[in-house]
Structure formats: C-alpha cells, structure tokens
Amino acid sequence: MLSILRDVSRKFVSKCRTSSEAAAVHAMGAPTLLNVGFDNAVCAERIIAIVAADPSPIKRLREAASRHQKLIDATNGRRTRTVIITDSDHVVLSSLQPETVAQRLTDLKVG
C-alpha cells in the first residue's frame, strides 16, 4: 500500500513541477501531503498562505482563480472556511478552520 502511495505521489509531483524540480524532489523522497479534509491533500512544500475565506479581497481572489481555472474546491459541498494559496497560483478551498489547517501544517514541519 505504501509503495502505491509513493508512486502516486511521485507522479503527482512530476506533473506539478518542472522536470528539474521533480528530480530534486525524487532525490529527497516523497513530498509531504497536508490533509485539507475529506481525503483531500495538498503538497505542503508548495503552500504560501492559509487564510480565512471571509474577507472581500479573498473572495475576489477566489473569483479570479476560478476565471483562470486555478481554483480547486476540496469542500465536498460544505461551507468554505479556509483558502490555501500555493506557489503555482492555485487556490484551494477547504471546509476546515484556518487554525486547524495551520496546526496540521506546523505538525508536519515539526514532526
């Protein structure tokens, strides 16, 4: 099971990064995936910001990401509470509280 997950994560990383970046990640090992709820995960190394979904500038950011087809909805139809911004300009929506996502990210980096 673990080898299957490792293979899937390598394929995901090679699609997300340029070939030189993917080779560097393969040399270091599998990427660290952050659970953002409902069995959805985001590559932890690519996260730039974790913000609450309520402020107006964030709502405009969501709309712009949607127009540019860079919006990933990981809420499973629930209310969006957290917006995660990645280094590839993708915007990921999560129904978890921002504090929960930030704590999970901190736990991954410490542990």
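Structure report, in brief. (Residues numbered from 1 in each chain as written. Predicted model: local features only at pLDDT ≥ 70, side-chain atom pairs only at ≥ 80, totals over all residues. Heavy atoms only, no water.)

## Focus on the pattern of salt bridges
Then comes step 1: The tally for this structure, following the rule as stated, stands at two salt bridges.
Then comes step 2: The shortest N-O distance in the salt bridge between aspartate 54 and arginine 79 comes to 3.8 Å. Here aspartate 54 is found in the loop between β3 (47-52) and α3 (56-67), whereas its partner arginine 79 is found in the loop between β4 (71-73) and β5 (82-86), with 25 residues between them in sequence. For the pair shown, aspartate 54 and arginine 79 are each scored as exposed. (Salt bridge = Lys/Arg side-chain N within 4 Å of Asp/Glu carboxyl O. Helix = DSSP H or I, 4+ residues; strand = E, 2+ residues; numbered from the N terminus. Buried < 20%, exposed > 50% of the residue type's maximum accessible area, 1.4 Å probe, protein only.)

## Focus on the sheet that holds β3
Then comes step 1: Sheet architecture is open: four strands sit in the order β3-β5-β6-β4, paired in mixed fashion. Two strands close off the open sheet at either side, each with one partner strand: β3 and β4. Each adjacent strand pair in this sheet contributes to an overall mean axis angle of 20°, direction not counted.
Then comes step 2: Bridge count between β4 and strand β6 (residues 91-94): three bridges; the pairing is parallel. Directly across from leucine 71, in β6, lies its bridge partner valine 91.
Then comes step 3: Docked against the sheet, helix α4 (residues 98-110) engages β3, β5 and β6, running at close to 155° with respect to β3. (Pairing = 2+ DSSP bridges. Axes fitted to C-alpha atoms, helices over the stretch in contact; angles between N-to-C directions. Contact = heavy atoms within 4.5 Å.)

## A few points about the nonpolar core
Then comes step 1: One finds Leu34, Val36, Val42, Ala44, Ile47, Ala74, Ile84, Val92, Leu96, Val101 and Leu105 forming the largest nonpolar core, which totals eleven residues.
Then comes step 2: Listing elements by their share of this core, those giving two or more residues are β1 (33-37) and α4.
Then comes step 3: With near-sequence residues (within four places) excluded, leucine 34 lies in contact with Asn40, Ala41, Val42, Ala44, Ile47, Val101, Arg104, Leu105 and Leu108.
Then comes step 4: Ala53, Ala65, Ile85 and Val91 belong to the second-largest nonpolar core, a separate cluster that totals seven residues. (Core = buried A, V, L, I, M, F, W, Y, C linked by side-chain atoms within 4.5 Å.)

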